[in-house]
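Architecture at a glance
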Amino acid sequence: MLRDDVYRRPLATALERLGIGPGWRCADIGAGGGDVTVALAEIVGREGRVYAVDSDPLARDEAASAGAAFSQVVAITQAGEDLRLPEAVDLAFCRFLLLHVEDPAVVVERMRHAVRPGGWVVAQEPITSAGRIAGMTLSMPGARHPDVGAVLPAIAVHAGLEVVDAWAEAPAGAGPGPVAEYLRSLTGVDPGDDPVVLPPLVTVIARVPNGC
Ligand SMILES: C[S@@+](CC[C@H](N)C(=O)[O-])C[C@H]1O[C@@H](n2cnc3c(N)ncnc32)[C@H](O)[C@@H]1O
């Protein structure tokens, strides 16, 4: 998938940093096209579980069909604000979700409550205005919080999570290639040979305190 191509490295880095392995119970909130769901399902294996959660039934179906080859994927139509899973999970993950929700803090709080004590909440969200095309700032008028990545660590801390690691990564390129193609698919703008820096994705890896 295109998004997976260009933002694969931040996802891989986060999953490595977590030490996720077979048997983990996970939730992918705002699962959409299912890129993250599939990456998680491949790692946790049949003895694990991945709840692919999306508020939009069509997006939920998309995630379900992306994960159809994995019996460990369970697709659920539910808003992040109302998150209630059949069991406590080891990891709640979201990527490119909080920029769209009404109140990102509410969703992160719900993610924290979905995770067992000592488990993990991971969020990967952009700072859209830090992206550049030919040196010009990117914008995303359709998103409620296009720069939510810039405040992501603070949101996690305020939700009562222990931030273990946080960083930003941005795919960049010039001329034809996956970065230009991704930008074209997202915005309809063809950057030609202009240099592109896609919005940096801020990753927060946070732990639910024991005893919570
Ligand atoms: C940009 S897509 C991201 C898909 C996927 N996480 C990824 O990184 O490829 C955002 C997804 O979040 C879903 N979404 C938006 N608001 C939501 C909410 N309040 N609760 C759950 N899902 C939501 C949308 O339906 C959409 O599928």
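For clarity, every value in this text was computed on a predicted model and none was experimentally measured. Sequence order as written defines the numbering, with residues in each chain counted from 1. Only residues with pLDDT of at least 70 get local features here, since the model is predicted, and only at 80 or more are side-chain atom pairs given and counted; chain-wide, interface and lining totals rely on the full set of residues.

1. A few points about helix 5 (residues 104–114)
The exposure label follows from counting other C-beta atoms within 10 Å of a residue's C-beta, where the C-beta atoms are placed from the backbone and the thresholds are 20 or more for buried and 12 or fewer for exposed, leaving partly exposed in between. Only runs of H or I of at least four residues qualify as helices and only runs of E of at least two qualify as strands under DSSP, and these elements are numbered from the N terminus. Among the residues of helix 5, Pro104, Val107, Val108, Glu109, Met111, Arg112 and Ala114 are the ones counted as buried. Elements that come into contact with the buried residues of helix 5 comprise strand 1 (25–29), strand 4 (89–95), strand 5 (115–126) and helix 6 (152–158). Residue pairs are scored as contacts if the distance between their C-beta atoms, which are placed from the backbone, is within 7 Å.

2. A short note on the pairing of strand 5
Of all 12 residues making up strand 5, 9 are buried, and the element is well covered by its neighbours. With 6 bridges joining them, strand 4 and strand 5 adopt parallel strand pairing. What sits directly across from Leu91, in strand 5, is Trp120. Pairing between strands is defined by DSSP: at least two bridges between the two strands are required. Pairing geometry for strand 5 and strand 11 (residues 201–207), over 7 bridges, is antiparallel. For Val122, the partnering residue across the bridge sits in strand 11 and is Ile205.

3. So, the sheet that holds strand 10 (residues 195–197)
Spatially, 4 strands are ordered 7-6-10-9 in an open sheet, and the strand pairing comes out antiparallel. The outermost strands of the open sheet, each flanked by one partner alone, are strand 7 (136–137) and strand 9 (172–174). Summarising the sheet, strand 6 (residues 132–133) and strand 7 pair through 2 bridges and their orientation is antiparallel. Looking at the pairing, Ile133 lines up with Met136 of strand 7.

4. A word on the environment of Arg144
The residue Arg144 is located in the loop between strand 7 and helix 6 in this model. Residues Arg144 and Ile127, 17 residues apart in the sequence, show an inter-C-alpha distance of 12 Å. The residues contacting Arg144, other than those within four sequence positions of it, are Leu99, His100, Val101 and Glu102.

5. Examining the site of the ligand
We call a residue near a molecule or strand when the C-beta position, derived from backbone atoms, sits within 6 Å of it. Taken together, 20 residues are adjacent to the ligand, and Gly30, Gly32, Asp56, Ala59 and Gly80 come closest. Residue polarity is assigned by list, with Asp, Glu, Lys and Arg as charged and Ala, Val, Leu, Ile, Met, Phe, Trp, Tyr, Cys and Pro as nonpolar; anything else, Gly included, falls into the polar class. The residue makeup of the shell around the ligand, split by class, is 8 nonpolar, 6 polar and 6 charged.

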